[in-house]
Amino acid sequence: MKRIYKVIAVMITVVILASCTKKLDLFPTNDLTPESVYTTSTGYKQALAKIYAAFALTGNTGGTGSPDIPTQIIADEGNSDFLRLYWNLQELTTDEASWTWQNDAGVRGLHEMSWSAINPIISGTYYRSFFQITLANDFIRQSTDENLAGRGITGPSADSIRKYRAEARFLRAYQYWILMDLFGNPPFVTETDGIGTVIPKQTTRTELFTYIESELKAIETELIAPKANEYGRADQAAAWALLARMYLNAQVYTGTGKFTEAITYSNKIKGLYSLHNNYRELMLADNHLNTNEFIFTINYDAKYTQNWGGTTYLTHGPAAVPGSISGTSGNWGGLRLTHNFVDLFPDPSGNTDKRAQFYTTGQNKTMTDLYTGTDGYSTTKYRNKTRSGGPAPNADPAGNWVDIDFPIFRLAEIYLIYAEAVLRGGAGGDAVTALTHINQLRARAYGNLSGNINASQLTLDFILDERGRELYYEMHRRTDLIRYDKFTTAAYLWAWKGGVSAGRAVDSKYKIFPIPTTDLSSNPNLKQNPGY
Amino acid sequence: MFTCTSTSAENLTGYSSFQKKIAKMKIKNRLRHVAACLFSLFFFTTVLFAQQSLKGTLRSASGEPLVGATVTVKGSGRSVVTSPTGEFSIDVPAGSTLVISYVGYQTREISVTSEPQITITLQSAGADLNEVVVVGYGTARKKDLTGSVVNITSKDFQKGVITTPEQLIAGKIAGVSVISNGGQPGAGSTIRIRGGSSLRASNSPLFVIDGVPLENDNISGAGNPLGLINPNDIESFTILKDASAAAIYGTRASNGVIIITTRKGRGGGLRINFSSLNSASILVKKVDVLSSDQFRTIVNDKGSAAQKTMIGGANTDWQDEIYQTAFGTDNNISLSGGLAKLPYRLSIGYQNLEGILKTDKMQKASLGISVNPTFLDNHLKVDINLKGSMQKNRFGNQAAIGGAVSFDPTQPIYVKSNRFGGYFEWLNATSPTGLESLAGRNPLGLLNQRYDEGTPQRSIGNVQIDYKFHFLPELRANLNIGYDVSKGKGTVFVSDSAAADYSRAGRNTEYKQSKRNTLLEFYLNYVKDIKSIKSRVDVTAGYSYNNYLTTVFNYADFNAKRVKLPNTDPAFPFNKPENTLISFFGRANYTLNDRYLLTATLRRDGSSRFASENRWGLFPSIALAWKIKDEQFLSNNNIISDLKLRIGYGVTGQQDGIGNYDYLSRYALSSANATYQFGGTYYQGYRPSGFNPNIKWEQTATSNIALDYGFLDNRINGSIDFYLKKTTDLLNEIPQPAGTNFSAFIIANVGDMENKGVEFSINTEPIRRNDFTWNVDFNITYNKNTIKNLTVIPGDKNYVGFQTGTIAGGIGGQFVYINAVDGPKSTFNLYKQVYDSVGRPLEGVFVDKNEDGIINQNDLFKTKTADPKVFLGFSTGMTYKKWNASFVLRASIDNYVYNNTFSQGGTLSQIRGNSVLYNASTNYLETGFNGNSQQLLSDYYIQNASFLKMDNLNIGYNVGRVFNKATLQLSATIQNVFVITKYKGLDPEISSGIDNNFYPRPRIFALGLNLGL
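Each chain has its residues counted from 1, running along the sequence as written. Ligands are numbered from 1 and chains lettered from A, in the order in which they are written. Restriction of local features to residues with pLDDT of at least 70 applies here, the model being predicted, together with a cutoff of 80 or more for giving and counting side-chain atom pairs; totals for whole chains, interfaces and linings are based on all residues. Calculated side-chain values reflect all of the structure's heavy atoms, with hydrogen atoms and water omitted.

Here the focus is the interface of chain B and chain A. Contacts between chain B and chain A engage 96 residues on the former and 113 residues on the latter. Here the buried area means the combined drop in accessible surface, using a 1.4 Å probe, for two parts upon being joined, counting both sides. Surface buried jointly by chain B and chain A totals about 9000 Å² across both partners, of which 62% is contributed by carbon and sulfur atoms. The rule for a salt bridge is simple: a side-chain nitrogen of Lys or Arg has to be within 4 Å of a carboxyl oxygen of Asp or Glu. Our count for the contact surface shared by chain B and chain A stands at three salt bridges. With a shortest N-O distance of 2.6 Å, Asp68(A) and Arg687(B) are connected by a salt bridge. In terms of residue class, the side of chain B that touches chain A is built from 47 nonpolar, 41 polar and eight charged. By the convention used here, residues are in contact when the closest approach between their heavy atoms is within 4.5 Å. Residue polarity follows a fixed list, in which Ala, Val, Leu, Ile, Met, Phe, Trp, Tyr, Cys and Pro are nonpolar, Asp, Glu, Lys and Arg are charged, and the others, Gly among them, are polar.

Here it is, written out as structure tokens:
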């Protein structure tokens, strides 16, 4: 019998031990708690790096693997980075671009202007903007003076983190500008709204305009001085550039023009930067050298910042361009320009105006068919090569990823903002300077003065066309056409606008995109934009 | 338990009149009569008769020889075991009694006459209501079951080449759908019990093998984690379908529980059994694509000048090239018996199977050891089970399947060039690699130049100690300590000359993962018959601890020469995801008057996957049963042999299929190739993960009403079950209001879903004769799934539902399903095709459903669903003298498949491609689509995939004695015999409902032998 009691005793002991030794509180091996991230200035900087990386990358793993944007919104992670999404909305909807592969999610309907509220490219952009805003809000919350003091961070470390904080506010303001421009009336959250605590209220375009303006002005002095920050990080000039761009479009956003302010902020920037001497060297693998012209960039690197969107998309995307020209493994047969856009160049050969970087071999100029890869010229503007024609510094042996940085703001745009604001009656500038700036752009484009124009040629319509020639494929076209009221109207028609080959006017509701149905159903405070 | 009665007295030759007399005695007075008959037998045995040699053959009702059954001379302790032909020989005194027992069958007693040769038939335990069934944490007498529990033993298993346990029961059980995931050897299956209760969390049932609950997750390098269990070692399956049966498994029971019991040693002399099954698998059907001549005609007719020059001079049927006739062998040897008082069973299995896709190969070796000693006068029972297996797999590159369908048939396989291994590839001189960048690669090159090899190992074992208290024999204590460890590792090698990975100079990568799952369970069980109040009480209370720990090793990426690709070092060398489940459980069975039964269970589960305030869940169940047959008014009825009404209700939980740490705010470091550049430095970022501190259990409440019936001595028996499963707090990925969480979607408890259905089964034995038996079993299941709510605010009209079901064709993801309120899950959501007057679909013309003049996503409409409404199983077996034959049919009604092969490959733009030519589906000849409008999301591609399938056809012959002592049986089996369907693609049985690059299920011809000693 004693043996039996022993057996029972052992059984009971084992049970009691097992129930005590392991608890139900488990934590992942490699992840960190928020408390452990935000303890050192390095931790803060790495959190900041993720906010910036939300521009460039699709997720936490090079290529694909751990997407930021859930697959319910964009099934293919390669399509879910900021630049590719925003680029598609700004360019595929216009005369500048169409994409051959109509079966790709969300493509059909963009160029034809018949999109709906459940288009994945539209909702992808929306959620990508909010992703960066949410990261920024978290960072701003974690980096209050109170939190820094509480975590024992003082002195130069604390000063650096305050700069990071101002940059986080800039990035948030930039994304709110994107949302204001695309969606008009998005929901609104700031750092005071903790994660999962509030259902955001909807804001209006006008309110949002005021908010972004006040944020940018508030951080104007907190940001690091122009050109004094690390490459890739925002400085005061970035905030000024965003203000200038926003003021130029103020009439669209609020009904009230702010052209004087657009000139004011252009003026702050102009003297600090100069045009790079060769247009065709703007979008190359070593374009990080163009710091004289680039104000703020999204940085890509074939070794360290790998993804299928970004400038990888802009380099592989254009149809028919051989890998030997683009410096990649080849093209994806996708992007082509309408003939209407090509016609903005009196000489599309590129021999006179060097900005006409069209690839024409095997391509028909006329876009007879919207979804045929050989209809429409494509472009070689983005090339993964250095100025000397050599391979990229961190070249990807497989030829997939590229090293080209993308300028969100560059001096040429500031010149064009200045000129347009002057022509639209803004104060603080003059027509002579405006003409000078336009001719600076044209002289660079032509390599000589043969392309220069005179004062009488400098009209608003000329500036729109000049913006097209100078800034195409840089995510400006849709906003520009709306400002000129040529986006939905019959004032300017291009191939397949409205779904017909000659183009036709469409409902003016398409000037802003619909709030994604997904968010309407999860946020009861939201109302759909008119007409959708 | 035994009786002196026999249900097949007339089968027994030399049956004594004395036996006949007692056979007629009433069961009511059973015990007294048994005692009487025993006494008589003893008397005759010991006094009246002399020793004689008796030879016998033991068969099942279906005529199969029963191997390894124990034949004991009552009272003498002398016993023998039947040979592989079911024969036995024993010296007995005439007039003595033989007790014949075999697991899964009713124990019989036979009195010995002077007849020297007898044939004995054992009735399957299906008809034996005293049979004991393994249920969660203990056993139950079959007659006492109150829940929906189905037990299926080896005699009813599917036959042929079976690589994974669940395939043994496909089509055999009402309410249980088992669909293999393809034709690859060892492929896993999609198993659904009563439709599946979840949308985004797991819909797979819990598997418990010899008391060890298994984790559902995959093992690296193994096609299927269950494939590491040797099907030949399995004795029986018990399926707990409703909540009253399964709720004892609490949070893991919502999708049902499948309990596997493996074969055990039974003591006695050494028995050796050897079986060998050798098979040849052939491709049954190819995807219909254009012939090379059709292809040439079309390109010459409609291609550009450049495309016409691409046409080659060869005629290659790429599908013929990538498939092969595959050979396989499956060998098992088992040794069982008793060493001293230690019953043991040792089994060794070896499978070596080729896939019909060239280069596909699976080798598996498995070992099973089971010892079951008893001590202390049977008070202490110890069960030790150890199972181990290892595989050596080479996975054929399944990209070749789609590749072969679309590769240009006018191109040759090989060219006279050393580049790219001599395979024909599409070239482009301007590309840095010399290859056309987006062109498909040579399908044969994809296969032969890739070595994707995995060597997973798995061992499952447990020690179960059961102690019956000496001072209180009604009380038992049971301790079960178990483990499930596995290691998955493998390598992928692609030569540097292979076009597929040419730009990265080949591939030589590795992966490794290990799992260590531990289990500790303890329970007390008290059983007491309280005669004074005609009651029986059976109470269990216990504790369970489960820990699931996985270690995943991370590696850098290498080219074929093992040169590391730049910057591919992982951020962390390994990761160790882990979760723990702690549970307390109890069950009470109360039986009144042997007619009225009550079962109540309660389980409290704590999971590490939830925050402390949501961590614990309580899962109760209650069930009542009424044995109507035992009521006075039916007890004399000779037609009705069994009638029982069961009513049950219970709540189960579900936490599988979600992350381990979803409730925690946590920050993940980005990998080295996903950094951001500030100045000259690249920073790895910290990304906060989306989280939901409020996440908790998903709950399913199941009601079940059922009737078990038996007629004519149970020669006709079965059940009908009606059930209603309501899942609340669905674990579902739901969108977060933008800006309120780090991920736009998180897993949260939002939504309700309902499954209701009927299951009916009938098992019959139309012929039950000595040399001729025939049984016919049939089951049918109807299940209706409805999503009731998906939003935080119920009935939100804004919410259209969420899309799932990614198809091939178009990047960025096109979804064909929508999960929306008031419809079933996986409802196709597509454009309505418009047809011309002769019924041809008009390309790009769809019905403007909302009549707004624009065809866009708002015009998608909900149509058919992928899940069948009704599925059926039909099995029959026949024996005639030494021959036996059986087949299994399965059918599925009202299931639809999206034919992605048609939609992606059935257009002119498919042929003209981007830069090179591709072959198209013959569907192009029917539609003439040029592919320039969005056709992918047309409901034209939804096809009715109802089917009738013969799973296997088996013929066996019992040779009998060979080489003196050994016995031999032979069998021939055909698997995947035929399919009758209207579906136009390769195979209608596709659990995902999207037919794309499906690995064809082969037809398998197998010859087997079974040799016993």
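Having put the structure on the table, let's press on.
In this section: the nonpolar core. Residue types Ala, Val, Leu, Ile, Met, Phe, Trp, Tyr and Cys, when buried and joined through side-chain atoms within 4.5 Å, form a set referred to as a nonpolar core. Burial classification: accessible surface area is computed with a 1.4 Å probe over protein chains only, and a residue below 20% of its type maximum counts as buried, one above 50% as exposed, and the rest as partly exposed. Counting 165 residues, the largest nonpolar core has Trp87(A), Phe170(A), Tyr174(A), Trp177(A), Ile212(A), Phe296(A) and Ile298(A) as its most contacted members. Strands are runs of DSSP state E lasting at least 2 residues, helices are runs of H or I lasting at least 4, and numbering of each runs from the N terminus. For this core, the leading source of residues is helix α7 (residues 155-183) of chain A, giving 16 residues. With sequence-adjacent residues up to four places away left out, Tyr174(A) is seen in contact with Phe55(A), Phe82(A), Tyr86(A), Leu242(A), Arg245(A), Ile408(A) and Phe409(A). Within the second largest apolar cluster, 31 residues are counted, among which are Ile298(B), Trp318(B), Phe407(B) and Tyr918(B).

This part covers the packing of helix α9 (residues 236-248) of chain A against helix α11 (residues 259-270) of chain A. Residue and element names in this part refer to chain A. To define axes, lines are fitted to C-alpha atoms, for helices over the stretch in contact only, and angles between the resulting N-to-C directions are given on a 0 to 180 degree scale. Relative to each other, α9 and α11 sit at 155°, their axes nearing to 8 Å. If you check the angle between α9 and α11, you find them roughly antiparallel. In the crossing of α9 with α11, the sense of the turn from one axis to the other is left-handed. Taken together, the residues of α11 that come into contact with α9 (itself represented by Ala237, Trp240, Ala241, Leu243, Ala244, Tyr247 and Leu248) are Phe259, Glu261, Ala262, Tyr265, Ser266, Lys268 and Ile269. Across the contact of α9 with α11, the residue classes tally to 11 nonpolar, one polar and two charged. For this classification, under 35 degrees means roughly parallel, over 145 means roughly antiparallel, 65 to 115 means roughly perpendicular, and everything else is oblique. Crossings are classed by handedness, with left-handed meaning an anticlockwise turn of the near helix from the far one by less than a right angle and right-handed meaning a clockwise turn.

Okay, the pairing of strand β2 (residues 70-73) of chain B next. Regular strands show a simple pattern: their side chains alternate between the two faces of the sheet. All names here are of chain B. Strand pairing is assigned whenever DSSP detects at least two bridges linking the two strands. Note that β2 and strand β3 (residues 79-81) share three bridges and pair antiparallel. Looking at β3, one finds that Thr70 is bridged to Val81. Here β2 pairs with strand β5 (residues 97-101) via four bridges, running antiparallel. Bridging from a neighbouring strand, Val73 pairs with Leu98 of β5.

Time to look at the packing of aromatic side chains. Working definition: rings of Phe, Tyr and Trp (its six-membered ring) pair if their centres are within 6.5 Å, and the pair is stacked with planes under 30 degrees apart, edge-to-face with planes over 60 apart, and tilted otherwise. Taken as a whole and assessed by the stated rule, the structure comprises 74 aromatic pairs over all chains. Judged by centre distance (5.4 Å) and plane angle (20°), the rings of Phe82(A) and Tyr86(A) are stacked. A residue pair is termed a helical-turn pair when its members lie 3 or 4 positions apart in one helix, as Phe82(A) and Tyr86(A) do in helix α4 (residues 82-92) at four residues. Here Phe82(A) matches Tyr86(A) in class, with each residue buried. A centroid spacing of 6.3 Å and a plane angle of 50° characterise the contact between Tyr451(B) and Phe493(B), whose relative ring orientation is tilted. Of this pair, Tyr451(B) sits in strand β23 (residues 450-454) while Phe493(B) sits in strand β25 (residues 475-494), placing them 42 residues apart in sequence.

Spatial relationships are all this shows, so hold off on functional conclusions.
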